[in-house]
Amino acid sequence: MNNPVVQEILEKQVLTVAKAMEDKIDEEISALDRLDPDDMEALRERRLQQMKKMAEKRSRWISLGHGDYSEIFNEKEFFSIVKASERVVCHFYRENWPCKVMDKHLAILAKQHVETRFVKLNAEKSVYLSEKLRIVVLPTLALVKNAKVEDYVVGFDELGGTDDFSTEELEERIAKAGVIIYEGESSGKTSKSKAPTRNVRQSSYSSDSE
């Protein structure tokens, strides 16, 4: 860097950040040092209980089919799944390229987010449910929490409008509805905004590829 003034400012900023991190670490170490044996044991026991509860949750999720991206074939299965699982991502699809692109990303996310059930349903073979949820653009993801559709991801419009979006972009979008537990860079900035309802109220099936 040629500008010595800018270089000096950057060096000062780096030192300031480093000092803040060092102070935080020192504070955490001091807090641990102040704990007596009883406090340490209580902390350890609480941590063990948390780990046990998480293991039990994970075991239950796996027993319900979480961890895999699977196909369901009728409305009855859909209602059973959203009743059994607190968080569900249901991909309403048909046999076309955009839906296959969505499949690829959802298969990855299903393994990364065991807390959520990921399924797909052929919209053209489930007319009643598609009409009930006003699914008209394919692919559409129905994001369900506590048996209620909280949000929709309709086509690729919110993912850059093309089929080359990343799995991380889709992950962040799904996280906005609170249907996955997301700890990425933007997790603290995710909003509660919904996909515009007009996108799922059109009069006929369409596809982002058309």
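Up top is the structure these notes are about.
Residues take numbers from 1 onward in each chain, read along the sequence in its written order. Residue-level local features of this predicted model are given only where pLDDT is at least 70; pairs of side-chain atoms are given and counted only at 80 or more, and the full residue set underlies all totals for whole chains, interfaces and linings. Think of the side-chain values as coming from all heavy atoms in the structure, minus any hydrogens and water.

Participant: Outline the overall build of the protein chain, listing residues and values.
Facilitator: Of the regular secondary structure elements, the protein chain holds six helices and seven strands. Here a helix means four or more residues in a row that DSSP labels H or I, a strand means two or more in a row labelled E, and each is numbered from the N terminus. Start at the N end of the protein chain and walk to the C end: the helices and strands fall as α-α-β-α-β-α-β-α-β-β-β-α-β. By the convention used here, residues are in contact when the closest approach between their heavy atoms is within 4.5 Å. A separation threshold of at least 6 residues defines the contact pool for the protein chain, and within that pool the share at least 24 residues apart is 71%. Here the accessible surface of atoms and residues is derived via Shrake-Rupley with a 1.4 Å probe, and residues count as covered only by protein chains that are part of the display. For the protein chain, the exposed area adds up to about 13,300 Å²; of that, 53% sits on carbon and sulfur atoms.

Participant: Kindly report on the pairing of strand β3 (residues 117-122), identifying the contributing residues and their values.
Facilitator: In terms of burial, β3 is a largely internal element, six of the six residues being buried. Accessible area is worked out with a 1.4 Å probe on protein chains only. A residue is then buried under 20% of its type maximum, exposed over 50%, and partly exposed in between. Both faces of β3 are covered, namely the face carrying Arg-117, Val-119 and Leu-121 and the face carrying Phe-118, Lys-120 and Asn-122. Paired strands, as defined in this entry, are two strands with at least two bridges between them according to DSSP. In the sheet, strand β1 (residues 69-72) pairs with β3 via four bridges, with the strands oriented parallel. Bridged to Ser-70 within β3 is Val-119. Sheet topology places strand β2 (residues 87-93) next to β3; six bridges connect them, and they run parallel. Bridging across to β3, Val-89 finds its partner in Phe-118. For the crossover that starts at β2, traverses helix α4 (residues 97-112) and ends in the parallel β3, the hand is right-handed. Crossover handedness is defined here as right-handed if the route from the first strand over the helix to the second strand goes clockwise, with the strands pointing away from the viewer.

Participant: An account of the nonpolar core is needed here, citing residue identities and associated values.
Facilitator: For our purposes a nonpolar core is just a set of buried Ala, Val, Leu, Ile, Met, Phe, Trp, Tyr and Cys residues, chained together by side-chain atoms within 4.5 Å. If you look at the biggest cluster of nonpolar residues, it comprises 22 residues, and the most contacted ones within it are Phe-78, Phe-92 and Leu-133. Breaking this core down by element, the ones donating at least two residues are α3 (75-84), β2, β3, β4 (137-138), β5 (140-145) and β6 (148-154). The greatest single-element share of this core, amounting to four residues, is contributed by β2. Those residues in contact with Phe-92 that lie beyond four places of it in its chain are Phe-78, Leu-121, Ala-123, Leu-129, Ser-130, Leu-133, Ile-135, Leu-138, Pro-139, Thr-140 and Ala-142. Listed in part, the 21 residues of the second largest apolar core include Val-101, Val-153, Phe-156 and Tyr-182.

Participant: Account for the packing of aromatic side chains, naming residues and giving values.
Facilitator: Each Phe, Tyr or Trp ring, with Trp reduced to its six-membered ring, pairs with another whose centre is within 6.5 Å; inter-plane angles below 30 degrees give stacked pairs, above 60 give edge-to-face pairs, and intermediate values give tilted ones. Using the criterion set out here, one finds three aromatic pairs in the structure. Residues Phe-78 and Phe-79 carry aromatic rings whose centres are separated by 5.5 Å and whose planes lie at 75° to one another, so their mutual orientation is edge-to-face. Look at Phe-78 and you get buried, because its relative accessible area is 5%. In this structure Phe-79 comes out as partly exposed when scored by relative accessible area, which is 35%. Three or more aromatic residues joined by ring pairs form one cluster here, namely Phe-78, Phe-79 and Phe-92. Any Lys NZ or Arg CZ that is within 6 Å of a ring centre and within 35 degrees of that ring's normal is treated as a charge sitting over the ring. One cation-aromatic arrangement involves Lys-120 over Tyr-93; the distance from NZ or CZ to the ring centre is 4.3 Å.

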